[in-house]
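A look at the structure
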Amino acid sequence: MDGFLFNAIIYILAAIVCVPIAKRLGMGAVLGYLIAGILVGPYGFEFIQDETQGQDIMHSTEFGVVMMLFLIGLELEPKNLWKMRDLILKVGLSQVLVTSGLIFGLGIVIGVDWRISLTAGLSMALSSTAIVLQSLKEKNQMNSPSGKMSFGVLLLQDIAVIPILAILPLLAVAGTVTSEAGHGGFLENQPGWIQTLMIFGAIGLVVLLGRFGFGPLLNWVSKTKLRELFTASALLIVVGIAYLMEMVGLSPALGTFLAGVILANSPYKHALESDLDPFKGLLLGLFFMAVGATINFNLIFSDAVSILSLTLGIILIKALVLGVIGKIKKLNLGENLSFSFGLAQVSEFSFVTYAFALQLGILATTTSDLLMAVTALSMTFTPVFSLVLDKLVVPILEKKSTKPKRESDEISEKNKVILVGFSHFGSTLGRFLRANGIEATVLDYNPDQVDLLRKMGFKVYFGDATRLDLLHSAGAEEAKILISAINSTETNKKLVELCQEHFPKLEIMIRAKNRYEAFELMEMGVENIYREHLDTSIRMGQEALQKLGFRAHTVLRLAAQFRKYDEDSLKILVKYRSNQAEYISKIRKQIEIQETLLSGELSRKFSMNDHVWDSDQLKDQND
Amino acid sequence: MRKILVLFAHPKYEHSDANQALIHAIQDLENVQIRDLYELYPDFNINIQAEQEALFEYEVIIWQHPFYWYSCPPLLKQWIDLVLEYGWAYGTGGIFLKNKYIFNAFTSGGSRGIYSEQGKNRFTIEEFLRPFEQTAYLCNMRYLPPFHLGGTHRITETELSEKAEEYKNLVLSLRDSDQITLPYIQKA
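Residues numbered from 1 in each chain as written. Chains lettered and ligands numbered in written order. Predicted model: local features only at pLDDT ≥ 70, side-chain atom pairs only at ≥ 80, totals over all residues.

So, on to the overall build of chain B. For chain B, the helix and strand inventory stands at seven helices and six strands. Ordered by position from N to C terminus, the α and β elements of chain B give β-α-β-α-α-β-α-β-α-α-β-β-α. Per-residue burial over chain B gives 34% buried out of 188 residues. Put simply, of all contacts in chain B between residues at least 6 apart along the chain, 81% involve residues at least 24 apart. (Helix = DSSP H or I, 4+ residues; strand = E, 2+ residues; numbered from the N terminus. Buried ≥ 20, exposed ≤ 12 C-beta atoms within 10 Å, placed from the backbone. Contact = placed C-beta atoms within 7 Å.)

With that settled, the discussion passes to the overall build of chain A. Along chain A, the regular secondary structure elements total 27 helices and six strands. The buried share among the 623 residues of chain A stands at 40%. If you take every contact in chain A between residues at least 6 apart in sequence, the share linking residues at least 24 apart comes to 71%.

On the side of chain A, eleven residues touch chain B, which itself brings 14 residues to the contact. Grouping the constituent residues of the side of chain B that touches chain A by class yields five nonpolar, five polar and four charged. (Nonpolar A, V, L, I, M, F, W, Y, C, P; charged D, E, K, R; others polar.)

Bringing the packing of helix 11 (residues 227-247) of chain A against helix 12 (residues 252-263) of chain A into the picture now. Residue and element names in this part refer to chain A. Their axes nearest at 8 Å, the elements helix 11 and helix 12 cross at an angle of 135 degrees. Considering their axes alone, helix 11 and helix 12 lie oblique with respect to each other. Judged by the twist between their axes, the crossing of helix 11 over helix 12 is right-handed. Note on element contacts: helix 12 touches helix 11 through P252, L254, G255, T256 and A259, opposite I237, V238, I241, A242, L244, M245 and E246. (Axes fitted to C-alpha atoms, helices over the stretch in contact; angles between N-to-C directions. Parallel < 35°, antiparallel > 145°, perpendicular 65-115°, else oblique. Left-handed = near helix turned anticlockwise from the far one by under 90°.)

For helix 11 of chain A, built from 21 residues, the straight-helix expectation of 30 Å at 1.5 Å per residue is met to within 8% by its first-to-last C-alpha distance of 30 Å. Those residues of helix 11 of chain A lying buried are F230(A), A234(A), I237(A), V238(A), I241(A), A242(A), L244(A) and M245(A). (Expected span 1.5 Å × (residues − 1).)

A few words now on the sheet that holds strand 5 (residues 507-512) of chain A. Residue and element names in this part refer to chain A. Across the sheet, which stays open at both edges, the six strands sit in the order 3-2-1-4-5-6 with parallel pairing between neighbours. Looking at the sheet topology across the chains shown, the edges are occupied by strand 3 (460-462) and strand 6 (528-531). Strand-to-strand twist of the sheet, defined as the mean angle between neighbouring strand axes without regard to direction, takes the value 20 degrees. Where strand 2 (residues 440-444) lies against strand 3, three bridges are found, and the strand directions are parallel. Counterpart to V442 in the pairing with strand 3 is V460. The strands touched by helix 22 (residues 489-502) within the sheet are strand 1 (417-420), strand 4 (481-484) and strand 5, with strand 5 carrying the most contacts at an inclination of about 170 degrees. (Pairing = 2+ DSSP bridges.)

This part takes up helix 1 (residues 17-26) of chain B. Residues and elements named next belong to chain B. Restricting attention to buried positions, one finds in helix 1 the residues A18, N19, A21, L22 and I26. Along helix 1, the residues classed as buried sweep out an arc of 160 degrees about the axis, all on the same side. Set apart from the buried face of helix 1 by more than 90 degrees, the exposed residues are D17 and H24. (Arc of directions from axis to C-beta.)

Looking now at the packing of helix 9 (residues 145-171) of chain A against helix 17 (residues 349-360) of chain A. Residues and elements named next belong to chain A. Interaxial distance between helix 9 and helix 17 falls to 10 Å at its minimum, and their mutual angle equals 15 degrees. As summarised for this structure, helix 9 and helix 17 are arranged roughly parallel, according to the angle between their axes. The crossing of helix 9 and helix 17 is right-handed. Contact with helix 9, carried on its side by V161, I164, L168 and P169, involves F349, T353, F356, A357 and L360 of helix 17 and no other residues of that element. Residues belonging to the contact of helix 9 with helix 17 are distributed by class as follows: eight nonpolar, one polar and no charged.

Turning to the nonpolar core, a few remarks are in order. Counting residues in hydrophobic clusters, the biggest one holds 156 residues, and the most contacted among them are F70(A), F287(A), M289(A), I418(A), L419(A) and V420(A). For this core, the element with the highest residue contribution is helix 13 (residues 269-294) of chain A, accounting for twelve residues. Viewed by domain, this core spans two of them, domain 1 (4-401) and domain 2 (412-531) of chain A, each represented by three or more residues. Contact partners of V420(A), with chain neighbours within four places excluded, come to L443(A), A465(A), L482(A), I483(A), S484(A), A485(A), I486(A) and L495(A). Core analysis: the next-biggest nonpolar cluster, separate from the first, contains 45 residues, F8(B), W63(B), C72(B) and L129(B) among them. (Core = buried A, V, L, I, M, F, W, Y, C linked by C-beta atoms within 7 Å. Domains from an automatic or database assignment.)

As a further point, take the environment of R85(A). Residues and elements named next belong to chain A. Along the chain, the position of R85 falls in helix 6 (residues 85-109). Among the residues examined, R85 registers 11 C-beta atoms within 10 Å and is labelled exposed. Linking R85 and L156, residues 71 residues apart in sequence, is a C-alpha distance of 9.8 Å.

Printed below as a string of structure tokens:
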């Protein structure tokens with residue numbers, strides 16, 4: 001049962017079978033992947049031979065977490081991150097310190113060696129970024145109060161990885177450590193100040209590249225109009241930063257998160273998002289499956305009671321600490337429960353610390369295996385807990401609470417209007433909307449144009465609007481209106497089809513080049529069609545008439561009538577378009593009507609149907 | 001010599017012989033300025049500041065318009081609504097129109113006779129014009145008797161030119177006389 005293709009088929013098949021079932025049962029994708037992992041693992045159908053193989057897969061797919069943090073960074077602008085500093089520091093730090101302290105203390109009390117207790121305490125204080133964020137995203141709770149707090153805690157935990165990895169070697173019994181056992185990359189042998197310097201240098205490099213390097217790179221690449229090249233560049237950015245971070249011993253997830261935050265203001269934000277999202281999804285899925293596959297059921301069954309109680313104990317301690325913090329931060333009970341139990345599992349990162357501690361001789365193999373089993377179990381349990389919470393507990397709580405439901409949390413970043421195309425036409429439109437307080441999410445496919453407009457302070461994103469994923473990430477699901485200000489008939493038609501199929505609630509307003517394009521759009525069922533020359537030409541005509549001595553107000557009314565007439569006739573003509581002969585005769589008839597109308601308008605009678613302010617009829621009557 | 005501003009509002013001036021006659025009679029007079037509101041603001045988007053600045057230098061103001069449904073055309077009402085602002089035209093600090101003379105010069109299809117208690121319109125011209133009178137009153141202006149060109153449906157050319165001449169003479173006397181001796185209504 002070897003071979004890459006066969007393995008790939010097994011994993012994908014397991015995911016395709018389990019995840020939809022899990023979702024159908026309301027369990028969420030994470031649990032589905034975990035179950036799939038257990039099934040293909042050594043205690044299921046044995047496609048994965050042993051836990052080590054599972055761990056290998058886990059390590060290689062951990063990169064999904066890195067990508068996820070990059071993508072989350074993209075969603076978070078620096079000023080918003082700055083707003084979170086209080087949350088990250090107070091909530092996050094207190095969680096890590098109190099939890100590890102408690103577990104450490106408990107370990108001492110039950111007579112475990114203090115070094116082992118400290119290692120376990122520090123590792124177990126951390127929660128699984130992958131599981132928590134994925135679940136939050138799935139449930140659309142990233143912006144809820146508990147979602148924000150969870151995110152703050154996870155961010156601090158990612159930072160905490162650095163000191164934890166630094167502390168572990170100090171715990172090792174002197175003499176048993178060899179420097180090769182280090183985890184900190186090639187800097188391990190350098191003196192402390194050089195390490196510190198390199199760390200700051202690396203962070204500085206990421207910031208600098210994010211500010212000045214990636215933009216031009218993406219601009220240059222996007223001009224080739226080769227989509228795969230753009231995707232490759234996006235991957236290069238993430239992989240490159242992750243590599244750099246690992247080199248100086250920092251968390252790659254943290255580094256890419258930082259890069260993401262810096263790129264959050266970039267025009268390529270949405271394009272990057274839509275390109276990387278599938279990679280992230282696949283890698284994370286594999287990662288969760290690997291976690292499922294590493295659960296050592298032999299070990300668990302051999303000592304089921306103590307392992308289960310240990311796992312539940314850890315989860316309870318973590319949840320308790322988080323719950324107290326949530327209480328202090330005034331989360332309501334439902335929010336607090338999902339916050340505290342959501343973060344109650346042990347992090348995937350602890351697999352790394354156990355392995356490291358094993359190398360350092362702090363942990364014995366049996367202890368390490370035990371802790372790993374607890375970790376994997378806790379990761380499996382928390383999705384179950386949150387399922388129970390969401391389905392059973394929270395509904396009851398919500399029923400009980402007489403308080404009115406919270407308003408939606410904050411104005412989400414997504415705009416009500418998506419404006420496609422920011423050429424002369426689109427930019428005028430966009431400026432007008434903006435002048436009236438309506439910000440639109442703007443998409444354009446010309447990199448130079450995008451850069452220029454960015455410099456002028458417009459929020460324009462680079463990308464091809466006929467890509468479904470880009471529309472998704474531009475917020476087409478929540479937006480009210482999509483305006484297409486592009487002049488390509490083909491693109492417009494594709495866009496209309498996409499929107500009609502995937503975003504039926506989205507109102508679409510389309511710029512049409514001419515009558516013929518308008519016909520095609522009408523036949524597709526588009527209601528809001530704007531022929532680009534109609535208004536300007538009529539306006540020119542208006543002013544010409546005025547220069548010839550027509551009264552301004554009269555001309556205004558004539559123009560409005562003429563435009564209505566023209567739009568109406570279009571609606572009639574479109575019905576006859578399929579029948580060519582009838583169409584032509586109809587057009588002739590329309591031209592005749594138009595001529596009569598025009599001559600009527602030109603005569604002193606003003607127009608055939610317009611008798612306002614005429615006193616001719618009154619004159620015949622008695623005074 | 002007083003300066004006179006005619007605020008003229010007619011949505012279909014090109015069809016109004018009566019108003020054309022009146023306007024032609026006064027349009028070339030020195031110190032008489034005509035603001036053709038429907039030409040200036042065909043879309044009703046009145047430039048308030050420009051209007052207020054224009055009012056500033058004139059001592060006599062004439063609202064010239066046809067009588068539609070016992071009132072003025074909508075753009076003149078819009079003008080009153082927008083230009084006569086609180087704090088500028090009336091109320092605290094609203095002193096910019098104080099002591100200016102103002103009156104309605106208007107045309108109507110019906111003759112003067114039907115604007116009476118016995119006539120089919122049941123009320124007099126003065127009664128119909130009360131909103132204008134009160135508007136002027138609130139702004140501390142001096143509201144002069146209206147100039148009325150009635151019976152335009154059946155008017156002869158001679159009658160019309162006589163009326164136009166009368167209008168011109170009224171305007172000239174307002175412009176040139178040392179004292180305006182016409183009775184006016186003003187807040188005490």
